Amino acid sequence: MNRTLKLVAAAIGALVILAAAAIAIVVATINPNDYKGRIADAARSATGRELVFDGDLSLSFFPWLGVAFGPMHLGNPPDFPKAGAPSAAPGDDDIFLSIKGGGLRVAFMPLLSKRVEVAELMLDGLYLNLVRAADGRTNWDFAKPGQTPAAPTAPAAPSPQSAQPAQPAQPSASGGAPLAVAVDTLSVKGASLSFRDLGTGQQFRARDLNVNVNGLAPGGDPADIRMTVAMSGQKPDIEADLSVAAKVQSDLGGSVLTVNGLTVTLTPKGGVIPAGLGKMELAGDLTYHSGPQRLDITRLALSTPTLKLATNGTAALGTPSFEGLVALSGSPRKALESLGTPVRTADPKVLDALDLKLDVQAAPAKVDVRSITGKLDDTAIQGKASAMPGAVQVIRAELALDAIDVDRYLPPEGDKGKAPEKGAPPAPGKDGKAAPQNGTAEAKKSLRGIDADVTFKAGRLVASKVPMTNVLVRLVADKGLLRINPLQLNLGGGAVNGDITADTRAEATRSRIVTTVKGVEVGELQQAALGKRHVSARTDVKTDLTATGDDWNAAKHTLAGTASLAMTQGTIHGFQIIPEGIKGAES
């Protein structure tokens, strides 16, 4: 028995020696550089382009089947127009792709089991030059010589067979398993990409592109992926640095792809994304399920130095939809300043603290914000809203505030009354009235396409320095018919109720205003708004007025209805009935 084992071991050893000797002979006798011409001829035959090897090729066979190559480049089609762009690098007009060097190493033995194990794929100095000519041709169209590039067509409607759910990978016809590919290390160093549209002048360039991928294999441990790149462009102007890092893992069937620790960092340096915006970072975890085409989103947040938008939820990609929680926090004031649009308010401390949480369910047919909670500065907010697009937009909303001082959010006192920088009042018509504005007609047309029901509540509200409590306003817009009812609030120790209607469906808007004011102390309103009292009195007002017209100048000529005013317990302040001189003589 031992003799048999020794003979088998000796035979195996002899085979290994023979295999090693055969590989050594192959490596010694085969020079891959002898095949450069054939490779170039095959590339020319297939693409009509010149493939030029500026360096040498080398091979290795065991334990790694590998190839290393030096500089090479692939040209543009011979008849492709020259770009002539001042920003183009030397030789850009003639080159489609170039590379300084690289290599590929694949494990030899796993190939016998239909497994491709890439030990290393390395590309150094890759340059990809993409150009769209003024006539619409592109240098990345690889139609064979003599063929007309295929015109883009709309995707064909899916057949009943293609509409069926994706099936798992099947074994090959020979009965073997499908080819499995694993990459231990992918490295791209110092790459760059250029895109130019000669017809529009649009340009984009990616420089210093570096990509590293370690341990990429289906069903294996998470692969570490990292990328950095500097970007610039024109039309639109952009200048920014981008970096991406993540741990990526997939199951053996490729039906579940998990991305953990995703971090995408964008540092703008000018252009359409102002440098003042600061570094932006997108971070979180994602899981994609290919069967149901579902994306699970966990702790995904987009952050800037001034604002943060975060979400947790689920997105369906087949029929687009989203359901989950969305949170927005930060300083709106500082965010606007970073965008170069500072906001001026009477109180410079407002708009500095926002913290909102939304429960969202969104689909193309309807967006439903099922709850809104949070704070703006020191105002607590609660509410909900929904919208359905269509020929008639359906809007429903409820918003409740505990307390807010509107005056704090208005422009400073010195800014009030300033004429707008652009535009002018409309020229008067023939009868001296303001000529109708196209904006009014467009606004009325838009209102006819809206079905809205909006309710606003505030426990305490200050406007024009006048405090109001228990504010309740409901606005209903029914395809051009607007009604505010109820309109309720308390002020000055009394109550105000209103019912306002505006019918914009007619050529001229028909309006009706019904109000009831009961027990309002006008002296308190004067004290709050003006800082002093001229008259004190309990005031009751009733109105029922109608008018027709799209603006006040037109409506005032048709004003009709009834109105009543009653004042009790009145006092006139600061009025001297008996002059000082007479009072002195009497004494």
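Cut-offs applied
- Residues numbered from 1 in each chain as written.
- Predicted model: local features only at pLDDT ≥ 70, side-chain atom pairs only at ≥ 80, totals over all residues.
- Heavy atoms only, no water.
- Helix = DSSP H or I, 4+ residues; strand = E, 2+ residues; numbered from the N terminus.
- Buried < 20%, exposed > 50% of the residue type's maximum accessible area, 1.4 Å probe, protein only.
- Contact = heavy atoms within 4.5 Å.
- Areas by Shrake-Rupley, 256 points an atom, 1.4 Å probe, with all protein chains shown as cover.
- Arc of directions from axis to C-beta.
- Polar contact = N/O pair within 3.5 Å; in protein donor to acceptor, adjacent residues only side chain to side chain.
- Pairing = 2+ DSSP bridges.
- pLDDT = per-residue confidence, 0-100.
- Expected span 1.5 Å × (residues − 1).
- Phe/Tyr/Trp six-rings, centres within 6.5 Å; stacked < 30°, edge-to-face > 60°.
- Lys NZ or Arg CZ within 6 Å of the ring centre and 35° of its normal.
- Salt bridge = Lys/Arg side-chain N within 4 Å of Asp/Glu carboxyl O.
- Core = buried A, V, L, I, M, F, W, Y, C linked by side-chain atoms within 4.5 Å.

Student: Explain the overall build of the protein here, please?
Tutor: Helix and strand counts for the protein come out as seven helices and 28 strands. Looking at the protein as a whole, 28% of its 587 residues qualify as buried. Restricting the contact set of the protein to residue pairs at least 6 apart, pairs at least 24 apart contribute 48%. Summed over all atoms, the accessible surface of the protein reaches about 35500 Å², with 61% contributed by carbon and sulfur.

Student: So what exactly am I meant to see when it comes to the side chain of Thr539 here?
Tutor: Assignment of secondary structure puts Thr539 in strand S27 (residues 535–548). Every residue in contact with Thr539, bar those within four places of it in the chain, is listed here: Val517, Lys518, Gly519, Val520, Val522, Leu565, Ala566 and Met567.

Student: Before we go on, may I ask you to explain helix H5 (residues 522–530) in this structure?
Tutor: Each α-helix winds once per 3.6 residues, and so residues spaced three or four apart point in a common direction. Of all the positions in H5, only Val522, Gly523 and Gln526 are classed as buried. End-on view of H5: buried residues confined to an arc of 100 degrees, all on one side of the axis. Packing partners of the buried residues in H5 comprise strand S26 (510–521), S27 and strand S28 (560–572). Looking at where H5 begins, the residue whose side-chain oxygen comes 2.9 Å from the main-chain nitrogen of Gly523 is Glu521.

Student: Just to check I follow, could you spell out unusual backbone geometry for this structure?
Tutor: The bulk of non-glycine residues show a negative phi, and the bulk of peptide bonds are trans. Cis peptide bonds are those with omega within 30 degrees of zero, and the linkage from Lys235 to Pro236 qualifies with 5 degrees. Within the secondary structure, Pro236 sits in the loop between strand S11 (223–234) and strand S12 (238–250). The step from Asn485 to Pro486 runs through a cis peptide bond, and the omega angle for that step is 5 degrees. Here Pro486 lies in strand S24 (residues 481–491). Not every positive phi belongs to a glycine, and Asp377 is a case in point at roughly 55 degrees. Position of Asp377 relative to the elements: it lies in the loop between strand S19 (366–376) and strand S20 (379–388). Its identity is not glycine, yet Ser464 carries a phi of approximately 55 degrees, on the positive side. For Ser464, a relative accessible area of 54% corresponds to the exposed category.

Student: Is there a simple way to explain the pairing of S19 in this structure?
Tutor: Along any regular strand, the residues point their side chains to alternate faces of the sheet. In the sheet, strand S18 (residues 354–363) pairs with S19 via 10 bridges, with the strands oriented antiparallel. Paired with Asp355 across the bridge in S19 is Lys375. Taking the residues between adjacent antiparallel strands as the criterion, S18 and S19 are bridged by two residues. Bridge count between S19 and S20: eight bridges; the pairing is antiparallel. Residue pairing across strands places Val369 opposite Ala385, the latter belonging to S20. Linking two consecutive strands that pair antiparallel, namely S19 and S20, is a turn of two residues; a positive phi of about 55 degrees is found at Asp377 within it.

Student: Looking at this structure, I do not really get the environment of Val264. What am I missing?
Tutor: As for its position among the elements, Val264 is in strand S13 (residues 256–271). When sequence neighbours within four positions are dropped, the list of residues in contact with Val264 reads Leu242, Ser243, Val244, Met280, Glu281 and Leu282.

Student: So what exactly am I meant to see when it comes to the confidence of the model for the protein here?
Tutor: In low-pLDDT regions, the fine details of the predicted coordinates are not to be read closely. Averaged over the protein, the pLDDT score is 82; the fraction of residues at 70 or greater is 78%. Across residues 7–22 the pLDDT falls below 50, and counting only partners more than four positions away or on other chains, this stretch makes zero contacts in the model. Scored below 50 in pLDDT, residues 85–90 shows four contacts in the model against residues more than four places distant or in partner chains.

Student: For this particular structure, what's the right way to read helix H2 (residues 36–47)?
Tutor: Taking 1.5 Å of rise per residue, the 12 residues of H2 would be expected to cover 16 Å, and the 16 Å separating its terminal C-alpha atoms lies within 8% of that figure. On its buried face, H2 sits against strand S1 (51–53) and strand S2 (57–60). Downstream of H2 by one or two residues, Gly48 has phi in the positive range, about 75 degrees.

Student: Please explain the packing of aromatic side chains as it appears in this structure.
Tutor: All told, the structure shown has one aromatic pair when counted by the stated rule. Over the ring of Phe96 we find Arg49; its NZ or CZ atom is 5.0 Å from the centre of that ring.

Student: Looking at this structure, I do not really get the pattern of salt bridges. What am I missing?
Tutor: Oppositely charged side chains can pair when the atoms bearing their charge come close. Per the stated rule, a full pass over the model turns up 25 salt bridges. The partner of Asp285 in a salt bridge is Arg299, with the nearest N and O atoms 2.9 Å apart. With Asp285 in strand S14 (residues 280–289) and Arg299 in strand S15 (residues 294–303), the pair connects residues that are 14 residues apart, well separated along the chain. In this structure, Arg370 engages Glu323 in a salt bridge whose closest nitrogen and oxygen atoms are separated by 3.3 Å. Here Arg370, found in strand S19, pairs with Glu323, found in strand S17 (residues 321–330); they are 47 residues apart in sequence, far enough to count as distant.

Student: Explanation requested: the nonpolar core in the structure shown.
Tutor: What tends to happen in soluble globular proteins is that the nonpolar side chains get buried as a cluster. Among the nonpolar cores identified, the biggest contains 21 residues, and Ile381, Leu461, Met468, Val471, Leu489, Leu491 and Val496 are the most heavily contacted of them. Those elements that place two or more of their residues in this core are S18, S19, strand S21 (393–405), strand S22 (450–463), strand S23 (466–478), S24 and S26. Excluding residues within four positions of it along the chain, Val471 makes contact with Phe456, Lys457, Ala458, Leu461, Gln488 and Leu489. Core analysis: the next-biggest nonpolar cluster, separate from the first, contains 16 residues, Leu57, Ile99, Leu123 and Val213 among them.

Student: Sorry if this is basic, but what is going on with the pairing of S27 here?
Tutor: Two strands pair when backbone bridges link them, and S26 and S27 are joined in this way by 10 bridges, in the antiparallel orientation. Bridge pairing links Val517 to Val541 in S27.

Student: I would appreciate a short explanation of the environment of Val496 in the present structure.
Tutor: Structurally, the position occupied by Val496 is in strand S25 (residues 494–503). Leaving out residues up to four positions away in the same chain, Val496 has contacts with Leu487, Gln488, Leu489, Leu491, Thr516, Val517 and Val520.

Student: Hey, could you run me through the side chain of Asp285 in this one?
Tutor: Residue classification places Asp285 among the buried residues on the basis of a relative accessible area of 17%. For Asp285, the side chain forms a polar contact with the side chain of Arg299, separated by 2.9 Å. Setting aside residues no more than four positions away along its own chain, Asp285 makes contact with Val259, Asn260, Gly261, Leu262, Asp296, Ile297, Thr298 and Arg299.

Student: How do you make sense of the environment of Val394 when you look at a structure like this?
Tutor: As for its placement among the helices and strands, Val394 is situated in strand S21. Note on Val394: relative accessible area 18%, which makes it buried. Here the alpha-carbon distance between Val394 and Asp453, two residues 59 residues apart in the chain, equals 8.5 Å. The contacts of Val394, once residues within four sequence positions are left out, are Ser386, Ala387, Met388 and Asp451.

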